[in-house]
Amino acid sequence: MSVPLKVTRIDHACQLIEFGEIRVLTDPWFTQTANYYPGEPTHLTVAELGRVDAVVISHEHYDHCDLDSLVAGGFDLDTPLIGPGTVASIARSKGFRDVRVIEAWEATSVGDLTVTATPGQHGVHEVTFVIQAHGRTVFFGGDSLRVPELDLIPQRFGHIDLALLPTNGLCVRPLNLEQSVMNAEQAAGLTAVLKPTLAVPHHYAFHSGRLGDQIITKTDRDPRHYADAVARIAPEIDVRIVLPGIEVTVP
């Protein structure tokens, strides 16, 4: 029997996913620095999070792996932290005591929760995740590019209840506009393959400041481009653009 599935965006790719009583935090980001601006209000502080049963982290970039803020905010360092080896080494250095290393197609369990790493590609080593509990399945795309292996997810995992996908198509100006995040059209194409009950875009409001946006990054900050693309190629899929702090229940 499936349980209620809820998701609350905190900011960027930081989400609180709830499978009934099981609470999972993704890609934590609670602070900002020069050249790293969420571009939207952060919904919760670390102290306001409450109990978290597991943390999943796709890669080590600061805006997805803000472990200093967790430590400073009094986060329980016995909470299982799950991610690739590049994340694990940082987490252990920060004092996390239950660090689980999984790479693409490997899985780990925390009670009734199962987290499987799926392929990803970014400027650094990255994985994406399929997160499952009590008959509900979530795909979390971090800020990966679209890679062909992700098309295998429905075959391997069956129906996807919720897909959380990046959409800003971030390009790095000093690297000849090399792309490192899927854009709206690419995310929509993956959505059409995954066929989730609900799709929620994330990783679009981020910016690098006025100067950084001109000389470091180029991004698409409008999630409506993704929603429009899905409506065009897979109109049967429900897309919801969700502001930080809004709790969404997945049918």
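Residues numbered from 1 in each chain as written. Predicted model: local features only at pLDDT ≥ 70, side-chain atom pairs only at ≥ 80, totals over all residues. Heavy atoms only, no water.

(A) Inspection of the overall build of the chain at higher detail. When helices and strands are counted, the chain shows six helices and 17 strands. Expected size for 251 residues packed as a compact globule is a radius of gyration near 18 Å; at 17 Å, the chain falls within 12% of this value. With the C-alpha coordinates of the chain rotated into their principal frame, the extents come out at 40 × 40 × 30 Å. The buried share of the chain, reckoned over its 251 residues, is 54%. Put simply, 63% of the contacts in the chain that link residues at least 6 apart link residues at least 24 apart. For the chain, the exposed area adds up to about 10,100 Å²; of that, 52% sits on carbon and sulfur atoms. Measuring between centres, the 19 positive side-chain charges of the chain sit 3 Å from its 31 negative side-chain charges. (Helix = DSSP H or I, 4+ residues; strand = E, 2+ residues; numbered from the N terminus. Rg over C-alpha atoms; globule rule 2.2 N^0.38 Å. Buried < 20%, exposed > 50% of the residue type's maximum accessible area, 1.4 Å probe, protein only. Contact = heavy atoms within 4.5 Å. Areas by Shrake-Rupley, 256 points an atom, 1.4 Å probe, with all protein chains shown as cover. Lys, Arg positive; Asp, Glu negative; His and termini not counted. Charge placed at Lys NZ, Arg CZ, Asp CG, Glu CD.)

(B) Representation of the pairing of strand S2 (residues 14-19) within the structure. Burial of S2 is extensive: six of the six residues sit out of reach of the surface. Burial along S2 is two-sided: Cys14, Leu16 and Glu18 and Gln15, Ile17 and Phe19, pointing in opposite directions, are all buried. Note that strand S1 (residues 5-11) and S2 share six bridges and pair antiparallel. The partner of Arg9 across the bridge, within S2, is Gln15. Counting the residues that bridge the hairpin from S1 to S2 gives two residues, and of these His12 lies at a positive phi of roughly 50°. Bridge count for S2 against strand S3 (residues 22-26) is five bridges, and the pairing is antiparallel. Bridging from a neighbouring strand, Ile17 pairs with Val24 of S3. Here S2 folds back onto S3 in antiparallel fashion, the turn holding two residues, of which Gly20 has a positive phi close to 65°. (Pairing = 2+ DSSP bridges.)

(C) Summary view of unusual backbone geometry. Not every positive phi belongs to a glycine, and Asn176 is a case in point at roughly 55°. Tracing the chain through its elements places Asn176 in the loop between strand S12 (171-172) and strand S13 (178-179). With phi around 50°, Lys195 is a residue other than glycine that occupies positive phi space. If you trace the backbone, Lys195 turns up in the loop between helix H4 (184-194) and strand S14 (198-202).

(D) Up close: the nonpolar core. Counting residues in hydrophobic clusters, the biggest one holds 29 residues, and the most contacted among them are Ile17, Phe19, Leu113, Phe129, Ile131 and Leu162. With four residues, the top contributor of residues to this core is strand S9 (residues 127-133). Beyond its immediate chain neighbours, meaning those up to four positions away, Leu113 contacts Phe19, Ile22, Val24, Ala54, Thr108, Ile131, Gln132 and Ala133. (Core = buried A, V, L, I, M, F, W, Y, C linked by side-chain atoms within 4.5 Å.)

(E) Region of interest: H4. With eight of its 11 residues buried, H4 lies for the most part within the structure. Taken as a whole, H4 has its buried residues at Ala184, Ala187, Ala188, Gly189, Leu190, Thr191, Ala192 and Leu194. Buried positions along H4 lie against strand S10 (136-140), helix H3 (153-157), strand S11 (162-166), S14 and helix H6 (224-233).

(F) Region of interest: the packing of H4 against H6. At their nearest, the axes of H4 and H6 sit 8 Å apart, and the two run at 45° to each other. Classified by the interaxial angle, the pair formed by H4 and H6 is oblique. Both H4 and H6 take part in a crossing whose hand is right-handed. Mapping the contact onto sequence places Ala184, Glu185, Ala187, Ala188, Gly189, Thr191 and Ala192 in H4 and His225, Tyr226, Ala229, Val230, Arg232 and Ile233 in H6. Taken together, the residues of the contact of H4 with H6 sort by class into eight nonpolar, three polar and two charged. (Axes fitted to C-alpha atoms, helices over the stretch in contact; angles between N-to-C directions. Parallel < 35°, antiparallel > 145°, perpendicular 65-115°, else oblique. Left-handed = near helix turned anticlockwise from the far one by under 90°. Nonpolar A, V, L, I, M, F, W, Y, C, P; charged D, E, K, R; others polar.)

(G) Structural context of the side chain of His59. Looking at the element boundaries, His59 is found in the loop between strand S4 (54-56) and helix H1 (67-72). A distance of 3.3 Å separates polar atoms of two side chains, one belonging to His59 and the other to His61. For His59, the side chain forms a polar contact with the side chain of Glu126, separated by 3.5 Å. Excluding anything up to four places from it in sequence, His59 contacts His64, Cys65, Val87, His122, Val124, His125, Glu126 and Asp143. (Polar contact = N/O pair within 3.5 Å; in protein donor to acceptor, adjacent residues only side chain to side chain.)

(H) Structural view of the packing of aromatic side chains. For the structure on display, the rule yields six aromatic pairs. The interplanar angle of 90° and the centroid separation of 5.2 Å between the aromatic rings of Tyr36 and Tyr62 together place this pair among those described as edge-to-face. Here Tyr36, found in the loop between S3 and S4, pairs with Tyr62, found in the loop between S4 and H1; they are 26 residues apart in sequence, far enough to count as distant. Aromatic side chains Trp105 and Phe157 sit 6.5 Å apart centroid to centroid with 20° between the ring planes, which places their arrangement in the stacked category. With Trp105 in the loop between strand S6 (99-101) and strand S7 (107-110) and Phe157 in helix H3, the pair connects residues that are 52 residues apart, well separated along the chain. Judged by relative accessible area, which is 27%, Trp105 ranks as partly exposed. Clustering of aromatic rings is evident, with ring pairs tying together Trp29, Tyr36, Tyr62 and Phe206. (Phe/Tyr/Trp six-rings, centres within 6.5 Å; stacked < 30°, edge-to-face > 60°.)

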